[in-house]
Amino acid sequence: MFYYVLKYVVLGPLLRLLFRPRIEGLEHIPEEGAAIVAGNHLSFSDHFLMPAIIKRRITFLAKAEYFTGPGLKGRLTAAFFHSAGQIPVDRSGKEAGQAAIREGLGVLTKGELLGIYPEGTRSHDGRLYKGKVGVAVMAIKAQVPVVPCAMVGTFEIQPPGKVVPRIKQVTIRFGEPLDFTRYAGMENQKAAIRAVTDEIMYAILGLSGQEYVDEYAVKVKAAQAEQSKKFPRLRR
């Protein structure tokens with residue numbers, strides 16, 4: 001119930017008023033039945049803007065840190081994500097990834113929409129990074145379509161580290177659903193799930209127009225952080 005109050009009464013109308021999102025391809029979201037919406041992830045604002053314009057309820061796999069933050073801010077953030085029906089995901093280790101897949105499949109089994117960011121984290125520089133294969137495993141195992149989505153302009157309004165977003169129009173694009181039924185039963189084959197993931201990321205890239213980096217964002221961030229420790233004068 002609280003989800004719909006946020007969507008239609010409190011947050012949704014406010015976001016539409018402030019950011020005047022330009023929406024393209026919304027007809028590609030299935031009116032019923034299970035599906036995955038896979039998008040790029042540029043900003044904390046993505047968590048609110050995309051769900052606000054989709055007519056159906058969508059459940060996201062959100063990082064566990066949003067539910068365990070300290071202090072008043074942490075409690076408020078956790079309360080919001082819980083109330084919005086989002087699922088906490090521990091991103092540390094292989095078993096954590098399997099747990100996330102199980103949670104996602106549970107959403108799809110109920111015939112609902114599942115939202116996921118295949119990059120696994122927000123882009124720190126506005127580029128699109130290599131996708132993790134969990135989205136492919138779920139798409140193949142559940143035999144559901146994947147709708148690619150591109151958030152355009154959200155990095156500019158709220159890049160990592162910026163608390164209050166700039167008020168500026170953004171664009172949200174949805175592409176045609178991707179069908180991976182030809183991979184049925186191949187969710188444990190590395191080559192198959194890599195191919196499916198890459199196809200999803202290529203579709204997102206075509207919608208977003210970002211520069212693509214064939215590396216995982218988490219590894220690039222870690223390498224840059226280590227470099228900054230070794231050479232502190234290089235930090236801006």
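Below: a short report on this structure. For clarity, every value in this text was computed on a predicted model and none was experimentally measured.

1. Some details on the pattern of salt bridges
In a structure, side chains of opposite charge can pair up when their charged atoms sit close to one another. On inspection of all chains with the given rule, the structure shows five salt bridges. Here glutamate 24 makes a salt bridge to arginine 173, at a shortest N to O gap of 2.8 Å. You can see glutamate 24 sitting in strand 1 (residues 22-24) and its partner arginine 173 sitting in strand 8 (residues 171-174), a full 149 residues away along the chain. Residue arginine 173 is classed as partly exposed on the basis of its relative accessible area, which comes to 24%. With its nearest N and O atoms 3.1 Å apart, the salt bridge here joins arginine 194 to aspartate 198. Here arginine 194 pairs with aspartate 198, and both are found in helix 7 (residues 190-208), just four residues apart, close to one helical turn. Classification of arginine 194 as buried rests on a relative accessible area of 19%.

2. Points about the pairing of strand 5 (residues 113-116)
Alternating residues of strand 5 divide into Leu113 and Gly115 and Leu114 and Ile116, and every residue in both groups is buried. The pairing of strand 3 (residues 58-63) with strand 5 spans three bridges and is parallel. Looking at strand 5, one finds that isoleucine 58 is bridged to leucine 113.

3. A few points about the sheet that holds strand 8
Strands sit in the order 1-8-7-2-5-3-4 across an open sheet of seven strands; the sheet is mixed. Single-partner strands in this sheet number two, and they are strand 1 and strand 4 (87-89). Neighbour-to-neighbour, the strand axes of the sheet open up by a mean angle of 25°, direction not taken into account. For strand 7 (residues 146-152) and strand 8, the ladder comprises four bridges, and the chain directions are antiparallel. Paired with alanine 150 across the two strands is arginine 173, which belongs to strand 8. Together, strand 2 (35-39), strand 3, strand 5 and strand 7 form the strand contacts of helix 5 (residues 134-142), whose direction differs from that of strand 2 by roughly 160°.

Definitions and cut-offs
- Residues numbered from 1 in each chain as written.
- Predicted model: local features only at pLDDT ≥ 70, side-chain atom pairs only at ≥ 80, totals over all residues.
- Heavy atoms only, no water.
- Salt bridge = Lys/Arg side-chain N within 4 Å of Asp/Glu carboxyl O.
- Helix = DSSP H or I, 4+ residues; strand = E, 2+ residues; numbered from the N terminus.
- Buried < 20%, exposed > 50% of the residue type's maximum accessible area, 1.4 Å probe, protein only.
- Pairing = 2+ DSSP bridges.
- Axes fitted to C-alpha atoms, helices over the stretch in contact; angles between N-to-C directions.
- Contact = heavy atoms within 4.5 Å.

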